[in-house]
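# What the coordinates show
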Amino acid sequence: MAEEKKKRDGFGSKLGIIAAAAGSAIGLGNIYRFPCEVGNNGGAAFLLVYLVVVLFLGIPVMLSELVIGRRTQSNSVGAFKKLAPKSAWPIVGYMGVLCGFLIFAFYSTVSGWTLEYIVKSVSNSFQGKDLATIEQEFTAFHDMGWRNVMWQGIFIFLTGFVVFKGVQNGIEKYAKILMPLLLVILIVLGVRSMTLPGAKEGLAFLFKPDFSKITGKVLISALGQGFFSLSLGMGVLITYGSYVKKSDNLTSTAFSVVLADTAIALLAGLVIFPAAFSFGVKPEAGMGLVFNTLPMLFNQMAGGYWFCLIFFVLLAIAALTSTISLLEVLVAYLSEELHMKRQWATVVACAGTMLLGAFASLSLMSNTPFTIGGRSMFDLMDFVSSNILLPVGGVLIVIFVGWKLGKQKFFDEVTNENIIKAKLKKIIFFIVKYLAPVAIAIVFISGLIK
Ligand code: TRP
């Protein structure tokens, strides 16, 4: 056991699981993807479905992953091999590795933008500009495809460096201080945003549901966003769970992470929508919704220069703790299953991501050749991974825990072998075994039918 731990170092056993899991969960998914999805799916109605997804599916799926990981002390593929040898279950793990690769590829594109925006903030390049100019510059930036690829490469390199050096522990320590700071900044921005003229319309968009807007597409987008934002369905939390101490309380970890992640997403909504409506940015504006609204908002603030700079630095760090978790899944798989040296595994995973990721970045140029069926490769990677692979992975994980691992082992794990109570364990197991698989399947199928 002691040896096992040493071999699986990198994180060491002192890792605060909440900090790590929250670090993985909180990222661009909250600040950038969540508002985009809310905007594209009719606002409040989407938000409502999202909250139901996060609470009733997010917590059980998260707990299931943590249970699998801690029980097996393995990466996402090895975990299934240990618990269900000579079966098809390891496919779930392989799917997760593939999905991690896809997500890292397009996620690093947007992560790279945070670096560009840090540079822009330092040089005060938004000051005094109107919306049309800011929008133009955002498009012009996309059209500089290779500049995007460069930032993306730098970001992947940074992620690789952290994982290579095995200093996640250190990063998580900073994240513990910096993520609450992100929360504070979001609150300040939210207050400014909500006091802009015309902000009310944005609040109504976010909170007054029009139930006729709940379609199959809205359901599946909410499901996908829930899984994406909480880093579920691809084995991040199996891998992280494997680094967790036997004495940690898994249930309360899951609750804390879901709470923190949802709070940050909601706050991001409160920052973006009132301001967007006030400035005349359309809710369906996609990427521009966040990246154009924010500079406009900073322009309206006393000390906007500093808020802008600090915000994008924090956003880059939030993205980094997420990309670390994605890379960690790939590296844990390559090193433990394919017996590569950890360092080599990191290099291989980063190089592969860079290659695929370049297509994602270059597919956002106006005259890009990288589209498939009219959709940019960026969109396609996002759609396939978030709305298909994650929910499918999630459903298989809960089915595995509910029907194959079984109640007793699940209870053993959440109670730390009867040392803690875990009051909600019965309800949660019921959801894991029956409700979650059915609910995910229904949402998923209704989304595919159209
Ligand atoms: N959850 C992160 C975010 O919201 C992104 C992320 C990191 C992720 N690891 C993941 C998404 C694993 C899905 C699966 O920004």
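Throughout what follows, the structure given in this document is the object of discussion.

### Here we look at the overall build of the chain
In terms of helices and strands, the chain carries 19 helices and two strands. Rg of the C-alpha trace for the chain: 21 Å, near the compact-globule value of 22 Å for 450 residues, within the 12% margin. By its C-alpha atoms, the chain is 60 × 45 × 45 Å across when sized along the principal axes. Sorting the 450 residues of the chain into buried and exposed places 60% on the buried side. The contacts of the chain with a sequence gap of at least 6 include a subset with a gap of at least 24, amounting to 83%.

### Focus on the site of the ligand
Close to the ligand lie 17 residues; Ala-25, Gly-29, Tyr-107, Phe-228 and Ser-231 are nearest. Leu-28 has a polar backbone atom sitting 3.2 Å from an oxygen atom of the ligand. Between the ligand and the protein, one listed contact pairs a nitrogen atom with a side-chain N or O atom of Ser-231 at 2.9 Å. Out of a free accessible area of 370 Å², the ligand has 100% covered by protein chains.

### Here's the deal with helix H13 (residues 250–279)
Over its 30 residues, H13 extends 44 Å from the first C-alpha to the last, a length consistent with the 44 Å expected when each residue adds 1.5 Å. Here H13 lies mainly inside the structure; 21 of its 30 residues are buried. For H13, the N-terminal cap is Asn-249; the gap from its side-chain oxygen to the backbone nitrogen of Thr-251 is 3.1 Å. Within two residues after H13, Gly-280 carries a phi angle of roughly 85 degrees, on the positive side.

### Observations regarding the environment of Ser-252
Note on placement: Ser-252 falls in helix H13. Measuring from C-alpha to C-alpha, the distance between Ser-252 and Ile-449 comes to 37 Å, with 197 residues separating the pair along the chain.

### Looking at the packing of helix H2 (residues 17–25) against H13
Running from N to C, H2 and H13 cross one another at 35 degrees; their axes reach a closest spacing of 9 Å. In the packing of H2 onto H13, the handedness of the crossing is right-handed. Contact residues: Ile-17, Ile-18, Ala-21, Ala-22 and Ala-25 in H2; Thr-253, Ser-256, Val-257 and Asp-261 in H13. Looking at side-chain class alone, the contact of H2 with H13 contains six nonpolar, two polar and one charged residues.

The rules we used
Residues numbered from 1 in each chain as written. Predicted model: local features only at pLDDT ≥ 70, side-chain atom pairs only at ≥ 80, totals over all residues. Heavy atoms only, no water. Helix = DSSP H or I, 4+ residues; strand = E, 2+ residues; numbered from the N terminus. Rg over C-alpha atoms; globule rule 2.2 N^0.38 Å. Buried < 20%, exposed > 50% of the residue type's maximum accessible area, 1.4 Å probe, protein only. Contact = heavy atoms within 4.5 Å. Near = heavy atom within 4 Å. Polar contact = N/O pair within 3.5 Å; in protein donor to acceptor, adjacent residues only side chain to side chain. Areas by Shrake-Rupley, 256 points an atom, 1.4 Å probe, with all protein chains shown as cover. Expected span 1.5 Å × (residues − 1). Axes fitted to C-alpha atoms, helices over the stretch in contact; angles between N-to-C directions. Left-handed = near helix turned anticlockwise from the far one by under 90°. Nonpolar A, V, L, I, M, F, W, Y, C, P; charged D, E, K, R; others polar.

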